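For reference, the chains in residue letters:
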Amino acid sequence: MHRAGCDGTVGVVAPRTKEAREGLAAMKIAVLVKQVPDTATHIQLAADGSAINTAGIKWVLNPYDEFAIEEALKLRDQHTGEVVLVSFGPARVEEAIRQGLAMGADRAIWVSDDGVADVDYLGRAQILVAALSQEADWDLVLVGKQAVDDDAAQTGPLVAALLDWPQAMVVLGLTVDAVGRRITATRELEGATQTVELPMPAVLGAQRGLNVPRYPTLPNIMKAKRKEVRQTSAAALGLDAAELAADCRVVVEGYQLPPPRPEPKVLTGDPAEAAATLVKLLHSEAQII
Amino acid sequence: MSGILVVLEQFEGRVRRVGLEACATAVRLRHGSVSALAFGAGADAVAEAVGALGVEQLLVLPDAPFDRYSSDAFAHAVAEVVRQVEPSLVLFGATAFGKDLAPRVSGLLKAGLASDVTGIESDGDDVAIVRPVYAGKAFQRVRIVGTPKLVSLRPNVQPVGVGEGPAALVSRPAVEVGAPRAVVTGTERNDETVELTEASRIVSGGRGMKASENFRLLDRLAAVLGAAVGSSRPVADEGWVPHSYHVGQTGKVVSPDLYVAVGISGAIQHVAGISNSKCIVAINNDPDAPIFKVANYGIVGDLFQVVPALTAALKAHLDAS
Ligand SMILES: Cc1cc2nc3c(=O)[nH]c(=O)nc-3n(C[C@H](O)[C@H](O)[C@H](O)COP(=O)(O)OP(=O)(O)OC[C@H]3O[C@@H](n4cnc5c(N)ncnc54)[C@H](O)[C@@H]3O)c2cc1C
Ligand SMILES: Cc1cc2nc3c(=O)[nH]c(=O)nc-3n(C[C@H](O)[C@H](O)[C@H](O)COP(=O)(O)OP(=O)(O)OC[C@H]3O[C@@H](n4cnc5c(N)ncnc54)[C@H](O)[C@@H]3O)c2cc1C
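An account of the accompanying structure is given in this report. (Residues numbered from 1 in each chain as written. Chains lettered and ligands numbered in written order. Predicted model: local features only at pLDDT ≥ 70, side-chain atom pairs only at ≥ 80, totals over all residues. Heavy atoms only, no water.)

**Considering the overall build of chain A**
On a plain count of helices and strands, chain A comes out with eight helices and 13 strands. Overall, chain A is about 75 × 45 × 40 Å in size when its C-alpha atoms are taken along their principal axes. Sequence separation of at least 24 residues holds for 71% of the intrachain contacts in chain A that already meet a minimum separation of 6. Total accessible area computed for chain A in this model is approximately 12,300 Å², and 52% of it derives from carbon and sulfur atoms. With 28 positive and 38 negative side-chain charges, chain A shows a spacing of 7 Å between the two charge centroids. (Helix = DSSP H or I, 4+ residues; strand = E, 2+ residues; numbered from the N terminus. Contact = heavy atoms within 4.5 Å. Areas by Shrake-Rupley, 256 points an atom, 1.4 Å probe, with all protein chains shown as cover. Lys, Arg positive; Asp, Glu negative; His and termini not counted. Charge placed at Lys NZ, Arg CZ, Asp CG, Glu CD.)

**Digging into helix α9 (residues 303–320) of chain B**
An α-helix turns once per 3.6 residues; consequently, residues spaced three or four apart project the same way. End to end, α9(B) covers 25 Å across 18 residues, agreeing with the expected 26 Å (1.5 Å per residue, within 8%). Residues of α9(B) that are buried make contact with α8 (271–285) of chain A together with α5 (215–225), β16 (258–262), β17 (279–284) and β18 (297–300) of chain B. (Expected span 1.5 Å × (residues − 1).)

**Comments concerning the environment of Asp72(B)**
Note on placement: Asp72(B) falls in helix α3 (residues 71–85). According to the relative accessible area criterion, Asp72(B) is buried, its value standing at 3%. For the pair Asp72(B) and Ala179(B), spaced 107 residues apart in sequence, the C-alpha separation works out to 9.2 Å. Once you skip the residues sitting within four places of it in the chain, Asp72(B) turns out to touch Pro166(A), Arg104(B), Ala179(B), Pro180(B), Arg181(B) and Ala182(B). (Buried < 20%, exposed > 50% of the residue type's maximum accessible area, 1.4 Å probe, protein only.)

**With respect to the packing of α8(A) against α9(B)**
Between α8(A) and α9(B), whose axes approach to 8 Å, the crossing angle comes to 45 degrees. Here α8(A) is positioned oblique relative to α9(B), judged by the angle of their axes. Crossing handedness for the pair α8(A) and α9(B): right-handed. Of α9(B), the residues touching α8(A) (which contributes Pro271(A), Ala272(A), Ala275(A), Ala276(A), Leu278(A), Val279(A) and His283(A)) are Gln305(B), Val306(B), Ala309(B), Leu310(B), Ala313(B), Leu314(B) and His317(B). Its residues assigned to classes, the contact of α8(A) with α9(B) shows 11 nonpolar, three polar and no charged. (Axes fitted to C-alpha atoms, helices over the stretch in contact; angles between N-to-C directions. Parallel < 35°, antiparallel > 145°, perpendicular 65-115°, else oblique. Left-handed = near helix turned anticlockwise from the far one by under 90°. Nonpolar A, V, L, I, M, F, W, Y, C, P; charged D, E, K, R; others polar.)

This is how it looks when you write it as structure tokens:
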């Protein structure tokens, strides 16, 4: 893969190739994808509370990762290049990978979790970084803003820190100058949006609203079955499972369900009377007004 | 290693509320002295607000490059201050700022981070931590091994109280960082509305509102209550309201004192985002709507009659008191 200005001397290299002169530079984009329980799942715990009961759970691609994939595909279609999915997880994650490939990603790297029992956020990020480091020339790593199971929102910044790349998370809008190798991202803050400028390569976290993910078409679903999914493992990446386990800094001790909500008081009848009764209850019983 | 460092988010001398919540939490945990770190112009000015809560020392980095947020430069600075202060625990707010910064610091220090924490208690030298997962459908109990332990706190959960401590002692740590790479070049405030994740009262509308213009009914109710306005996801997808209104598992997870769900059926993804609310009120014309299962109070009726009636009743009540 040839690209202009990607030899480390960022920004000052004159466009050499025809594509570069036309404002095009092929991009090599990784999208980190996680498989998570469908958001409609009723969460139940294992009898001893040590884990989530995963029996019968429907697994899907993390919703935010769909925005990350869509954005990667748009960038590839605009600039040429390739989109590579990278996922860490057990055998079931291949289905999520195929779903991403059916959206249009070119190929995938799947790090199976065989032998890696307990790994925390840092361990997970180290594994993903090791997988990325098997190849060179990445321009961007896209992630979802957060995974809707653990809700930790740590993977993107952790991967960025370990790679020593700049990051922009919770991204709502993106402009990429592939030749100048600069990115302008708008981020969602509390009650505000923020514009961030950063050089490539970078890690970007996709937020809902960034784009509208495409649905896989039937021909693309068929094509996805034949796309390359390269399987590897932590051991093959040179990581020691025992060491990763020993390095685990965040230890999950158990789970609990939220306390049940009290029996509701439901009012019917004349709206004005019901409203007046409700105000009284909010004042004297709930004591919040 | 001992003591707690609180990483604050401040703007023009005012600390974001979750920063005060973190300071109060740090003092409550009794793990030694509490210091705070503030960036940017006006950083010195927060000494009184945090001192009142019991923070002894305020470290400030007011000048360039810390006058503009940069995740990489700020993370390096926090890591450097942690090396100097050697706290056993570092607290962040789980806002856009803290969620961006804390995991990056975790990566630099190889220190464990528990994010979006709702429960934190001292347990000897250790801390017992509870954090919601699956958008609050379950809670996870975690421990962090080694020091420093990094924790980001969900806004609106920890009490602040009132304090009368003296202003914190201000000092400037010597921190060298390279040229920032990701740099904020502009910030645009959306409007004057209260941010949902920080609001103590929220009025939310769903598909039952029928049309964008009917949200005016909710604006009026919200104005009387001093509440922020939110929505279910389809309503934001329809463009009736901005995306920033969307509450739920794939939107904002909120924890107000009062959440009023109007014309919202109570789908599992919506409920996941509101289950931390202290009091939920549902207004819906379908007595079997699932929202009534999670509500504390409900009114079965046509929202186009109930909402104006409730607005009037609340106004009368508040005017009288
Ligand atoms: C002690 C401990 C033990 C654990 N053991 C296991 C275990 O045995 N098996 C297990 O599956 N999980 C395990 N986990 C959970 C796992 O560490 C987290 O799921 C992971 O660190 C990512 O955090 P998150 O799910 O909150 O993702 P976030 O950080 O919220 O995810 C943000 C984005 O990062 C990317 N991303 C996240 N995870 C992956 C992934 N796996 N592959 C590719 N991209 C990803 C996605 O783009 C995602 O949208 C364990 C966690 C702890 C604390
Ligand atoms: C992956 C995924 C993620 C999702 N994430 C979220 C999320 O984060 N947040 C979210 O909200 N949804 C989410 N959803 C969508 C969710 O499943 C529901 O479709 C959605 O919450 C329903 O919105 P609603 O309650 O406004 O609409 P409806 O379900 O259509 O409910 C409208 C309600 O209004 C009532 N109503 C109608 N007219 C009146 C009237 N005149 N007076 C009083 N009441 C009336 C009806 O009885 C009904 O209960 C997600 C879905 C998926 C698949």
